Amino acid sequence: NINNGFSRRMLFDGVDDEVNLGNSTDFDAPTNIDVTFTVVEHVTTNHAFISKGDDSTTNYAVDYNSGAVRFFGYDSGAPVGILSGGPSISTLIPAKIRCTFDGTTWKIYKDDVMTTSLVDAATLTTNTSPVILGERTTRELNGTMYDVSFGSFASYTGNGNTNADWTDQTGSNNGTVN
């Protein structure tokens, strides 16, 4: 799993930082998503944590909007999922966020407690976009992210200063840090 040490944390400045995990069909999640990360926000503004695609081509995204975590995707161009009412995050206090979708039910957990659940069945639009951490269109994260994992498929094992040290079950690594 992921080393919780300081060297395993990714710091985003809220201006132009992102971690690009590349595009792998393993990241496409039409009916099964399980993503977990810990975040320490330096400024609680509208920003993205994780996204695969932009706007109506989004396969899935986890972001912060109007004081709450959102977890959503698009089914044939229409937004589905938890678009409001997710948990809030306090500035400078670590929050472990886990988002799951099983094709029918969307759930958001904060610090291992389910805070929000919504039944909204969908088959999410897949795309050829990379998975991006810390940015989605103009939503730039200002904070620290660590302990990121995508179910049992991929986890972060690097220091955030060189090409992303992401490994999947086959040992592949093709991400970049900007």
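Residues numbered from 1 in each chain as written. Predicted model: local features only at pLDDT ≥ 70, side-chain atom pairs only at ≥ 80, totals over all residues. Heavy atoms only, no water.

Chemist: What is the right way to read the confidence of the model for the chain from this model?
Modeler: Parts of the model with low pLDDT should not have their predicted coordinates read in detail. Mean pLDDT over the chain works out to 78, with 80% of the residues at or above the 70 mark. Under a pLDDT of 50 for its full length, residues 1-7 has, in the predicted model, 11 contacts with residues more than four places off or in other chains. Note that pLDDT drops below 50 for residues 156-178; the model gives that stretch 57 contacts with residues more than four away or on any other chain. (pLDDT = per-residue confidence, 0-100. Contact = heavy atoms within 4.5 Å.)

Chemist: What should I look at first to understand the pattern of salt bridges in this one?
Modeler: Side chains carrying opposite charge are able to pair once their charged atoms draw close together. Under the counting rule described, the total for this entry stands at 4 salt bridges. Arginine 70 serves as the salt-bridge partner of aspartate 63, at 2.8 Å between the closest nitrogen and oxygen. Comparing aspartate 63 with arginine 70 shows no difference in burial state: the two are buried. For aspartate 63, the salt bridge is made with arginine 136, and the minimal N-O distance between the two is 3.9 Å. Of the two residues, aspartate 63 is situated in strand S5 (residues 60-65) and arginine 136 in strand S12 (residues 135-136); the sequence distance between them amounts to 73 residues. (Salt bridge = Lys/Arg side-chain N within 4 Å of Asp/Glu carboxyl O. Buried < 20%, exposed > 50% of the residue type's maximum accessible area, 1.4 Å probe, protein only. Helix = DSSP H or I, 4+ residues; strand = E, 2+ residues; numbered from the N terminus.)

Chemist: When you look at the packing of aromatic side chains in this model, what are you seeing that I'm missing?
Modeler: Here the structure, examined in full by the defined rule, presents 4 aromatic pairs. Look at phenylalanine 72 and tyrosine 74: their rings are 6.4 Å apart centre to centre, the planes differ by 75°, and that puts the pair in the edge-to-face class. In this structure, phenylalanine 72 and tyrosine 74 share a single accessibility class: buried. Summarising the aromatic geometry, the rings of phenylalanine 101 and tryptophan 106 are spaced 4.0 Å apart at their centres and angled 25° between planes, so their arrangement reads as stacked. Linked through ring pairs, Phe71, Phe101 and Trp106 together constitute an aromatic cluster. One residue, arginine 98, lies across the ring of tyrosine 109, its end atom 5.5 Å from the ring centre. (Phe/Tyr/Trp six-rings, centres within 6.5 Å; stacked < 30°, edge-to-face > 60°. Lys NZ or Arg CZ within 6 Å of the ring centre and 35° of its normal.)

Chemist: So what exactly am I meant to see when it comes to the environment of proline 79 here?
Modeler: Mapped onto the fold, proline 79 is located in strand S7 (residues 78-82). The class of proline 79 is partly exposed, set by a relative accessible area of 45%. With 43 residues separating them in the primary sequence, proline 79 and alanine 122 have C-alpha atoms 9.8 Å apart. Discounting residues that sit within four places of it in the chain, proline 79 has contacts with Gly73 and Tyr74.

Chemist: Teacher, can you tell me more about the environment of threonine 44 here?
Modeler: On the secondary structure map, threonine 44 appears in the loop between strand S3 (33-41) and strand S4 (47-52). The exposure class assigned to threonine 44 is partly exposed, which follows from its relative accessible area of 35%. Separated by 44 residues in the primary sequence, threonine 44 and serine 88 have C-alpha atoms spaced 9.3 Å apart. Setting aside residues up to four positions removed in sequence, threonine 44 forms contacts with Tyr64, Ile89, Ser90 and Thr91.

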